[in-house]
Amino acid sequence: MMMPPDIRAEIQHSILVITYNQQNYIRATLQSLVNQSIQPFEIIVLDDCSSDGNWDIIMEFARKYANIIKPYRNETNIGLQSNLKKIKTLYTGNVVSYCPGDDFLEIDAVKLINEAFVAMDIDPSIEPGLVVANSIHLYPDGRRILWNNYIERDKPLIKSRLRYSLSYRSVGFSRALNLLVPSESDIVEKSPGVGLSADFIKGFEEVLLAKHISFIDYPAAVYRLGVGVTSGESSREKWIVHQNVYKDISLRYNERFDRKDKDFIKFIISADELKINPSPGNFLRAFYLLVLNIGNFGFNNPLVRNLHYFVPAKFVAFLKWNIYPLYLKIRTQKAMNVW
């Protein structure tokens with residue numbers, strides 16, 4: 001559909017912030033949104049009945065930036081997934097980006113996403129479009145590691161998503177796509193075992209339902225590691241949920257997967273089983289499938305990252321916080337020919 005030449009003025013970018021008890025982070029989140037190089041059309045903030053000083057900070061920003069910040073507060077706590085579903089009913093823009101209350105956006109995120117939608121030449125109100133930007137993983141010690149989604153631009157995105165090599169942190173949707181994709185609570189209603197990891201399945205729906213996809217080589221969202229609801233999950237429960245997710249994915253999208261995709265799923269399910277029920281037999285099966293999948297991992301989720309399934313617990317943290325980010329940084333620099 002050809003759009004009028006003044007489409008740039010018609011982009012209305014809504015940023016949706018869901019938040020609960022994040023008084024230590026919400027100020028930085030909101031500051032990053034109001035400081036965008038191009039101001040968003042609106043910032044919808046939905047507080048899930050926080051019991052700390054979160055709401056006071058939100059209202060401080062709402063008074064100062066009354067022209068764009070629209071605050072809402074639930075009378076009772078309804079939970080993460082219900083909060084995400086509710087906020088989809090509160091915005092009026094035609095381009096949408098989510099920003100949890102403990103993350104933030106880089107200064108040109110809105111500008112570059114808007115420009116990408118202009119270049120796509122679609123009406124974001126009625127056509128499902130997705131702009132995929134890079135993201136940043138922010139470590140507790142301040143390190144910023146690039147998650148390079150741009151390098152996945154020529155690959156089938158369902159394959160990148162399966163291998164957890166695509167992570168754009170829910171920014172850059174057209175309104176049509178955002179309303180078309182099922183919410184996390186809808187996914188859980190049909191598949192209760194996936195729990196808080198329903199957002200991973202939602203990502204498959206996003207890339208499959210998007211009729212127009214554009215990549216920009218810029219990190220839009222900054223994701224804080226070690227913070228948030230899922231960080232508090234017990235270890236065994238985490239692996240059970242993770243295994244349930246991949247079992248669900250294998251059934252939902254079975255016809256879209258080839259043999260290599262299915263080999264990767266077998267490895268993840270087997271490796272999760274090793275975490276759930278450690279035994280020599282489960283170790284040997286998972287390790288065999290790891291070897292079978294050499295060359296079958298994603299750019300952003302390489303084999304080295306998956307060694308955490310096999311090493312002692314004390315080494316997992318060292319692998320996660322030191323070895324993996326260094327490996328990914330070097331590999332990204334090689335791929336981009338930047339030294």
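Here, the structure is the one placed above.
Just so we're clear, the structure is a prediction, and the values are computed from it rather than from any experiment.

Draft legend 1. Seen up close, the pattern of salt bridges. A full pass over the atoms with the stated rule returns 14 salt bridges. Here Asp261 and Lys159 are joined by a salt bridge, their closest N and O atoms 2.6 Å apart. One end of the pair, Asp261, is in helix H11 (residues 259–276); the other, Lys159, is in helix H6 (residues 157–162), with 102 residues separating them in the sequence. Note on Lys159: relative accessible area 23%, which makes it partly exposed. What emerges from the salt-bridge pattern is a single network uniting Lys159, Arg163, Asp258 and Asp261.

Draft legend 2. Broad picture of the environment of Asn306. Inspection of the secondary structure puts Asn306 in the loop between helix H12 (280–292) and helix H13 (313–335). For the pair formed by Asn306 and Val227, sequence separation is 79 residues and the distance between their alpha carbons is 21 Å. Not counting residues up to four positions away in its chain, the partners in contact with Asn306 are Phe267, Ile268, Phe297 and Asn301. Within the structure, Asn306 has its side chain in polar contact with the side chain of Asn301 (distance 3.2 Å).

Draft legend 3. Main features of the packing of helix H10 (residues 235–252) against H11. Between H10 and H11, the shortest axis-to-axis distance is 9 Å and the interhelical angle comes to 160°. It follows from the interaxial angle that H10 and H11 lie roughly antiparallel. In this structure, H10 meets H11 at a crossing whose hand is left-handed. Taking contact as the criterion, the partners of Arg236, Trp239, Ile240, His242, Gln243, Tyr246, Lys247 and Ser250 in H10 are, on H11, Phe264, Ile265, Ile268, Ile269, Asp272, Glu273, Lys275 and Ile276. When the residues that make up the contact of H10 with H11 are grouped by side-chain class, the tally is eight nonpolar, three polar and five charged.

Draft legend 4. Fine view of the nonpolar core. Residues Val17, Leu33, Ile43, Ile69, Leu105, Ile113 and Phe117 are the most contacted members of the largest nonpolar core, which totals 33 residues. Taken together, the elements giving at least two residues each to this core come down to strand E1 (13–19), helix H2 (26–34), strand E2 (42–47), helix H3 (54–64), helix H5 (109–120), strand E6 (129–138) and strand E9 (212–224). The biggest single contributor to this core is H5, with seven residues. Residue contacts for Val17: discarding those within four places in its chain leaves Ile26, Thr29, Leu33, Ile43, Ile44, Val45, Leu46, Ile87, Cys99, Pro100 and Gly101. Judged by nonpolar contacts, the second largest core, of 29 residues, contains Val188, Val245, Phe267 and Phe297.

Draft legend 5. Geometry of H11. Helix length check: H11 (18 residues) gives 26 Å between terminal C-alpha atoms against 26 Å at 1.5 Å per residue, within 8%. For H11, the set of buried residues is Asp261, Asp263, Phe264, Ile265, Phe267, Ile268, Ser270, Ala271, Asp272, Leu274 and Ile276. Those residues of H11 that are buried lie in contact with H6, H10 and H12. Measuring from the side-chain oxygen of the N-cap residue of H11 to the backbone nitrogen of Lys260 gives 3.1 Å; that N-cap residue is Asp258.

Draft legend 6. Inspection of the packing of aromatic side chains at higher detail. This structure, assessed with the given rule, holds 17 aromatic pairs. Pairing Phe200 with Phe204 gives two aromatic rings, centres 5.4 Å apart and planes at 85°, and the pair type is edge-to-face. You can see Phe200 and its partner Phe204 sitting in helix H9 (residues 198–209), four residues apart, about one turn around the helix. Here Phe200 and Phe204 have matching classes, each one buried. Their ring planes at 40° and their centres at 5.7 Å tell us that Phe200 and Tyr246 sit as a pair that is tilted. Within this pair, whereas Phe200 is found in helix H9, its partner Tyr246 is found in helix H10, the two being separated by 46 residues in sequence.

Parameters and conventions
Residues numbered from 1 in each chain as written. Predicted model: local features only at pLDDT ≥ 70, side-chain atom pairs only at ≥ 80, totals over all residues. Heavy atoms only, no water. Salt bridge = Lys/Arg side-chain N within 4 Å of Asp/Glu carboxyl O. Helix = DSSP H or I, 4+ residues; strand = E, 2+ residues; numbered from the N terminus. Buried < 20%, exposed > 50% of the residue type's maximum accessible area, 1.4 Å probe, protein only. Contact = heavy atoms within 4.5 Å. Polar contact = N/O pair within 3.5 Å; in protein donor to acceptor, adjacent residues only side chain to side chain. Axes fitted to C-alpha atoms, helices over the stretch in contact; angles between N-to-C directions. Parallel < 35°, antiparallel > 145°, perpendicular 65-115°, else oblique. Left-handed = near helix turned anticlockwise from the far one by under 90°. Nonpolar A, V, L, I, M, F, W, Y, C, P; charged D, E, K, R; others polar. Core = buried A, V, L, I, M, F, W, Y, C linked by side-chain atoms within 4.5 Å. Expected span 1.5 Å × (residues − 1). Phe/Tyr/Trp six-rings, centres within 6.5 Å; stacked < 30°, edge-to-face > 60°.

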